[in-house]
Amino acid sequence: GDDSGLFSFANTGYWVFNIILDDVKGVEDMCENFVSRSPETKAFDLLEEPGRAWLTKRLLNDTVEYEVDVFQLRCADCQDETCNGKCVNDQCVCGPNQYGINCQFNQPPCRKTDYDRRTKPFTGVGEFFSSKFELLLKPDGTAFYSYNRPVYAFVHQNGFVDLL
């Protein structure tokens with residue numbers, strides 16, 4: 001369908017990310033049946049939300065939540081002890097063939113990615129979003145990075161794009 005994603009501030013004191021589905025009744029339902037949520041916060045500005053561990057569920061109606069430790073909306077402050085690149089304006093800037101928030105990876109990123117087939121996929125894989133992504137390349141053929149992490153994409157037949 002024409003599903004899209006939405007960040008919302010829940011009245012319970014956390015940010016939620018959701019895929020907008022036709023059967024979602026309203027904001028209250030979205031705040032309980034979310035794809036991912038932040039820890040409790042008082043920050044009404046999503047960009048001011050610290051890069052702490054967000055939570056996700058395997059199924060929308062599950063009560064068990066799992067930590068997602070890589071969900072960040074901004075870079076951490078740079079420190080010479082932890083940056084494997086160079087600290088420039090309080091950000092870790094990676095050298096050639098390095099990537100990661102602290103330039104900790106020195107192998108090229110995988111060209112394709114998929115969920116671990118030894119486990120069950122998250123709800124919606126194959127129905128609302130893809131499980132198979134390809135490395136997004138710039139016009140010069142090099143990998144595209146955001147916050148020193150490679151970006152992966154899947155282009156649907158209808159032209160919509162899932163990014164990872």
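(A) Examining the overall build of the protein more closely. Along the backbone of the protein there are one helix and 13 strands. By residue count, 27% of the 164 residues in the protein fall in the buried class. Pairs at least 24 residues apart make up 32% of the contacts formed inside the protein by residues separated by at least 6 positions.

(B) A look at the sheet that holds strand 8 (residues 112-113). Strand order across the open sheet formed by four strands is 8-9-12-13, with antiparallel pairing between neighbours. Two strands close off the open sheet at either side, each with one partner strand: strand 8 and strand 13 (161-163). Here strand 12 (residues 152-155) pairs with strand 13 via three bridges, running antiparallel. Across the sheet, Val155 pairs through a bridge with Val161, a residue of strand 13.

(C) Focus on the state of the cysteines. By the definition in use, this model includes three disulfides. Here Cys94 pairs with Cys103 through a disulfide, and the sulfurs are 2.2 Å apart. Residues Cys94 and Cys103 are joined through a disulfide that is left-handed, its torsion about the S-S bond being -100°. For the pair Cys94 and Cys103, a shared accessibility class is recorded, and that class is buried. In the protein, the bonded cysteines, numbered by position in the sequence, are linked as 1-3, 2-4, 5-6.

(D) Structural view of unusual backbone geometry. A positive phi angle, near 50°, is found at Asn89, a position not held by glycine. Within the secondary structure layout, Asn89 lies in the loop between strand 6 (86-88) and strand 7 (91-93). Phi is positive for Asp90, which is not a glycine, with a value near 70°. Counting through the fold element by element, Asp90 comes out in the loop between strand 6 and strand 7. Taking the relative accessible area as the measure of exposure, Asp90 reaches 43% and is therefore partly exposed.

(E) Molecular detail of the environment of Phe17. Summarising the element assignment, Phe17 is placed in strand 2 (residues 14-19). According to the relative accessible area criterion, Phe17 is partly exposed, its value standing at 21%. Along the backbone, Phe17 and Arg37 are 20 residues apart, and their C-alpha atoms lie at a distance of 6.1 Å.

Calculation rules
- Residues numbered from 1 in each chain as written.
- Predicted model: local features only at pLDDT ≥ 70, side-chain atom pairs only at ≥ 80, totals over all residues.
- Heavy atoms only, no water.
- Helix = DSSP H or I, 4+ residues; strand = E, 2+ residues; numbered from the N terminus.
- Buried < 20%, exposed > 50% of the residue type's maximum accessible area, 1.4 Å probe, protein only.
- Contact = heavy atoms within 4.5 Å.
- Pairing = 2+ DSSP bridges.
- Disulfide = S-S within 2.5 Å.

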